[in-house]
Amino acid sequence: MAKTLTFTPDDKVHAFITTIPEVSYEDGPLSGVTVAIKDNISTRGIETTCASQILKGYIPPYDAHVVTLLKSAGAAIVGKTNMDEFGMGTTTENSSFGPTLNPCDPGRVPGGSSGGSAAAVAAGYCDMALGSDTGGSIRCPAAFCGIVGLKPTYGRVSRYGLIAYANSLEQIGPMAKDVTGVSRLFSVIAGHDKRDSTSVDRPYIHTPNPSVKGLRIGLPEEFFGKGVDPKVADTVKKAVSVLEQAGAEAVPCSMPSMSHALAAYYVICTSEASSNLARFDGIRYGPGGDLRKSWHEEFSDRRQERFGKEVRRRIILGTFSLAAGYFGRYYQKAQTARQMVRDDFARLFGEVDMIAGPTMPSIAFKLREKSDPLQMYLSDILTVPANLAGVPAISVPCGQVEGMPVGLQLIGRHFEDEKVIDTAFAYEQGAV
Amino acid sequence: MVVSEDVRKIAKLADVGVDDREIEEFTSQCSEILTYFEMLDTLPQGATIDRGLVNIFREDEITESLSQEEALRNAAEKEDGFFKAPRVM
């Protein structure tokens, strides 16, 4: 039986690009649960922009697989959330529709790139949200806004209908106020889809269990050292001691591949982006072309006019990395560094069951604080390793520094999303 | 280290316009970022890459897809069921 609800939030933090005032929904496990969708996930009949002017007015003729699953589970899809254009950013300031503000402090960013999704949940506009995480884009805004966000194991959630930025790194994932909410949303979206060639048949049928007795938790020194705000590091260490009190064992360890992980990540994501974003020519969707100009002239002008600076910068960097003369120095070496990260995780997961550290090296930045691109990239250092290796990682709120939320990041073995969720749940229960 | 001519050339290859006012900013930013990337060059070449991936093949079968009308709906310029694009040559 179709039911309806009205959705008219007083969106003071600009979490949404599009809202749906009259939402109809069905019966099901998420019946009537309000869910916001990041604006890079295709929704049939609802404008989907990736926060870019090049897709303004684009109405997808089909639903992403996750959206089909949400609708059949009865979820009420209430709107499309703001983001860094095409997912390129750590603050949601790179949206062509203007920034989202952090509900905890409107003078600060909500994190990114799924900043609208995190802010919508944190501000209480909706129950849950979907984000996508290429290098931390779910976990960073979850940490900055004080909610829970999971980047699932690569392949566990279909990317069909997710507008691609860097295919080998990104996953769609759930965001909610608490671990139980994340678990409920994840149980709906996980599972095999033949339309995504990297999809794996590993559904998630699980209820969070707060037992961590005997769990070995590795604390890599790189997650607590140089570049990490000591107050954030201390807050996270205190959170780990809560898990120790619940029966887990903390083990010091090291991840030497962290020294090259960030450079590798940016070479790979910009390279993939430079190829993926070639489809935005304005012809098949978007604004159309001036038919009097030549193809290259028109294509180049239209992309200058409709892509923001960060998007053009990443396309240029990716084109550099893939260009003859640079390919061996950048792209191939980045693949070596990526393998080193995978090897580090494989070695560590022989010794420990879980890795813990801060999600972000600092609390949420002030608006316009990160105006230099490289300085902004460096803040992703603690989140990119999980994407390079494809392992699951969650951010769960674990206290405050200067009145702003701090996120505890828990990283697990491939396909052990259940254990990651259980550990986050154990912390959440123990911290009460 | 890259100079503005490198950035102009790459931007042209990538079909993204960068105007004269932006070129200096893009050059210094790209230069700084590419210098940071150079740390990768200290790594050994030809390391074994093991992704643990296998190819999965399927039959080439006809499945449901968008109708021509749906596929064209978002295009601004179209004619007789085709997308209309600027001339390539």
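In case you missed it, the structure is sitting above this.
Here's a quick rundown of the structure.

Cut-offs and rules
- Residues numbered from 1 in each chain as written.
- Chains lettered and ligands numbered in written order.
- Predicted model: local features only at pLDDT ≥ 70, side-chain atom pairs only at ≥ 80, totals over all residues.
- Heavy atoms only, no water.
- Phe/Tyr/Trp six-rings, centres within 6.5 Å; stacked < 30°, edge-to-face > 60°.
- Buried < 20%, exposed > 50% of the residue type's maximum accessible area, 1.4 Å probe, protein only.
- Helix = DSSP H or I, 4+ residues; strand = E, 2+ residues; numbered from the N terminus.
- Expected span 1.5 Å × (residues − 1).
- Contact = heavy atoms within 4.5 Å.
- Core = buried A, V, L, I, M, F, W, Y, C linked by side-chain atoms within 4.5 Å.

1. Overview of the packing of aromatic side chains
Residue and element names in this part refer to chain A.
Thinking step 1. Inspection of every chain in the model, using the stated rule, returns 17 aromatic pairs over all chains.
Thinking step 2. On the basis of an interplanar angle of 70° and a centroid distance of 5.5 Å, the ring pair of Phe 7 and Phe 16 is categorised as edge-to-face.
Thinking step 3. Summarising the aromatic geometry, the rings of Tyr 326 and Tyr 330 are spaced 5.7 Å apart at their centres and angled 5° between planes, so their arrangement reads as stacked.
Thinking step 4. Using a relative accessible area of 22% as the deciding quantity, one classes Tyr 326 as partly exposed.

2. Quick notes on helix 12 (residues 417-431) of chain A
Residues and elements named next belong to chain A.
Thinking step 1. In a regular helix each residue adds 1.5 Å, so 15 residues correspond to 21 Å; helix 12 covers 21 Å between its end C-alpha atoms and thus fits that length.
Thinking step 2. Of all 15 residues in helix 12, 11 are buried; the element is thus mostly enclosed.
Thinking step 3. Its buried side turned inward, helix 12 meets strand 7 (148-151), helix 4 (179-189), helix 5 (230-245), strand 11 (354-358), strand 12 (393-401) and strand 13 (404-412).

3. Considering the nonpolar core
Residues and elements named next belong to chain A.
Thinking step 1. Grouped together as the largest cluster of nonpolar side chains are 162 residues, with contacts concentrated most on Leu 70, Phe 86 and Leu 408.
Thinking step 2. By residue number, the principal contributor to this core is helix 6 (residues 258-276), which donates 11 residues.
Thinking step 3. The contacts of Leu 70, once residues within four sequence positions are left out, are Leu 30, Val 35, Ile 37, Ala 75, Ile 77, Leu 130, Leu 185, Val 188 and Ile 189.

4. Considerations on the side chain of Lys333(A)
Thinking step 1. Inspection of the secondary structure assignment puts Lys333(A) in helix 9 (residues 331-351).
Thinking step 2. For Lys333(A), a relative accessible area of 5% translates into the label buried.
Thinking step 3. If we ignore the near neighbours within four places in the chain, the residues touching Lys333(A) are Gly328(A), Leu40(B), Asp41(B), Leu43(B), Pro44(B) and Gln45(B).

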